[in-house]
Amino acid sequence: MMNMGGPSTVPEVYDFLRRLFSDRDLIPLPFQKVLAPLIAKRRTPQIERQYADIGGGSPILKYTRIQGERMCKLLDELSPETAPHKSYVAFRYAKPLTEETAAEIRADGVTRAVAFTQYPQYSCSTTGSSLNEMYRLASKGQVPKGIEWSVIDRWGTHPGFVEAVAQNIEKTLEKFPLERRSSVVLLFSAHSLPMSVVNRGDPYILEVSATVSAVMERLGNKNAYRLVWQSQVGPSAWMGMQTSEAIKGLARLGKKEAILVPIAFTSDHIETLYELDLEYCKEAHELGMEVHRSESLNESPVFIRALADITAQHLREVGSGVQARTSTQLALRCPGCTNDTCGQQKGWFARGGQ
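Model, not experiment: these values are computed from the prediction.

### Here's the deal with unusual backbone geometry
- In the segment running from alanine 83 into proline 84, the intervening peptide bond is cis, with an omega of 0 degrees.
- Mapped onto the fold, proline 84 is located in the loop between α3 (60-78) and β2 (90-91).
- A cis amide bond, omega 0 degrees, links lysine 95 with the succeeding residue proline 96.
- Of note, proline 96 is situated in the loop between β2 and α4 (98-108).
- Residue phenylalanine 31 is not a glycine yet carries a positive backbone phi of 50 degrees.
- Relative to the elements of secondary structure, phenylalanine 31 occurs in the loop between α1 (13-21) and α2 (32-53).
- The exposure class of phenylalanine 31 is exposed, given its relative accessible area of 70%.
- In this structure, serine 231 takes a positive phi of about 70 degrees despite not being glycine.

Here's what the structure looks like:
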């Protein structure tokens, strides 16, 4: 189960930031090896305070482990022919790091593995980065050659995922008086991307939009909505409009109620617990708005069943030859891609890790 991860304790913040700013797949910087540690050191005190404000660390590891364990219990029932199943967590920037997970897989003698991204929508900077890291480890001999690999690389319009998000929005709408619910604006908030990534042909923006469209169709398109973007870092151009600016704009236009919907995050972490809850909801209150945040999926049984269904279908179709080890979309590099590792990784996974 691949994700970016988050520091579980405040002392882990610097190492998390250093790894994050060192990743050219996520944030391409000039003189990256020199600048990344400096940027991380400069930002660490502020980010440490934010993690302290949400309880002393990110809960993403806790929720990912819960989701994986419960998913595997369902998988044993849904796909007994491939049982028993075991989930492993492979974080890109926090423990357990991908190399630690690779060592655990080796020690367990695994012969069949699915690289299952926990980003519902694909981006070269997120899922692509995690897959690249696994490929690099394999190239160094840190991943056993006897493992047969396949990839679940995107699932942003899966009906179970869409249903889980929609149910949480409906629960949040109940916080507003019945007569005002139809006027509540839904702000779907996703992590932004640098425009340099968007402009090379990354599919993330399109895929997040598809998720939002599917959720709104499930909800009957009863509320006005917008897709907005959060967590911009640095002075370069990023995808907008930014969530905070959208809230200010709605207030200026006289809108009084809104719901913030984390649409590209499936588990709570700093972007939901601090940025959405403590920053943006506070800003909205100061502007005279009533804004609530739709819950993250966390331990949602509907969501966990969706994870199990996605995996069971994947195992069944790959095993029968109906589906290749990687999807048609994963095989296509971005038209502006100049990262040789990306192409090599796609070929390696398409060959089942051989």
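### Let's talk about empty space enclosed by the protein
- Applying the stated rule across the entire model yields two cavities of 30 Å³ or more.
- The space that makes up the largest cavity amounts to roughly 260 Å³.
- Taken together, 21 residues line the largest cavity, and the ones lying closest to its centre are Asn3, Met4, Tyr119, Ala264 and Phe265.
- Here the element with the most residues in the lining of the largest cavity is α3; it accounts for three residues.
- Along the lines of polarity and charge, the residues of the lining of the largest cavity split into ten nonpolar, eleven polar and no charged.
- Each pocket or cavity is described by its volume, and for the second largest cavity that value is around 60 Å³.
- Every residue along the wall of the second largest cavity is listed here: Phe161, Val165, Asn168, Val261, Pro262, Ile263, Phe265, Ser294, Glu295, Ser296 and Leu297.
- Element by element, the count of residues in the lining of the second largest cavity is highest for helix α6 (residues 159-173), at three residues.
- The residue inventory of the lining of the second largest cavity, partitioned by class, reads seven nonpolar, three polar and one charged.

### Points about the pairing of strand β4 (residues 148-152)
- Across the five residues of β4, four count as buried, placing the element largely inside the fold.
- With five bridges joining them, strand β3 (residues 112-116) and β4 adopt parallel strand pairing. Bridge assignment links arginine 112 to a residue of β4, and that residue is glutamate 148.
- Viewed along the sheet, the connection from β3 through helix α5 (residues 127-139) into β4 turns out right-handed.

### Here's the deal with the packing of aromatic side chains
- As enumerated under the stated definition, the model contains eleven aromatic pairs in all.
- Measuring from ring centre to ring centre gives 6.3 Å for phenylalanine 16 and tyrosine 93, while their planes differ by 80 degrees; the resulting arrangement is edge-to-face. Of this pair, phenylalanine 16 sits in helix α1 while tyrosine 93 is found in the loop between β2 and α4, placing the two residues 77 residues apart along the sequence. Take phenylalanine 16 and tyrosine 93: they sit in the same class, and that class is buried.
- Plain terms: the ring middles of phenylalanine 116 and tryptophan 155 are 6.1 Å apart, the flat faces sit at 70 degrees to each other, and that makes the pair edge-to-face. With phenylalanine 116 in strand β3 and tryptophan 155 in the loop between β4 and α6, the pair connects residues that are 39 residues apart, well separated along the chain.
- Taken together, the ring pairs connect Phe116, Trp155, Phe161 and Phe303 into an aromatic cluster.

### What about the state of the cysteines?
- One pass over the structure, following the stated rule, counts zero disulfides.
- There is no disulfide at cysteine 334, and the cysteine sulfur nearest it, in cysteine 124, is 3.3 Å away.
- Cysteine 337 carries a free sulfur, and the closest cysteine sulfur to it, the one in cysteine 342, is 4.2 Å from it.

What counts, and at which threshold
Numbers given for residues are sequential positions, taken from 1 along each chain in its written order. Totals for whole chains, interfaces and linings use every residue, but because this is a predicted model, local features are given only for residues with pLDDT of at least 70 and side-chain atom pairs only at 80 or more, for both listing and counting. Remark: hydrogens and water are excluded; side-chain values derive from all non-hydrogen atoms of the structure. Helix numbers and strand numbers start at the N terminus; a helix is a DSSP run of H or I with at least 4 residues, a strand a run of E with at least 2. Classification of residues uses two cut-offs on accessible area relative to the type maximum, computed with a 1.4 Å probe and protein chains only: under 20% is buried, over 50% is exposed, and between them is partly exposed. Points on a 1 Å grid over protein atoms alone make up a cavity when a 1.4 Å probe fits among them but cannot get out, and a pocket when they form an open set with protein on both sides within 12 Å along at least five of seven lines; lining residues each have an atom within 4 Å of a point. Grid points are joined across faces, edges and corners, and a volume is the space filled by probe spheres set on the points. Charged residues are taken to be Asp, Glu, Lys and Arg, nonpolar residues to be Ala, Val, Leu, Ile, Met, Phe, Trp, Tyr, Cys and Pro, and polar residues to be all remaining types, Gly included. Note on pairing: DSSP must find at least two bridges between two strands before they are called paired. With strands facing away from the observer, any crossover in which the path from the first strand over the helix to the second runs clockwise is taken as right-handed. Here a Phe, Tyr or Trp ring, Trp counted by its six-membered ring, pairs with any other such ring whose centre lies within 6.5 Å, and the pair is stacked when the planes are under 30 degrees apart, edge-to-face when over 60, and tilted otherwise. By definition, disulfides here are pairs of cysteine sulfur atoms that lie within 2.5 Å.

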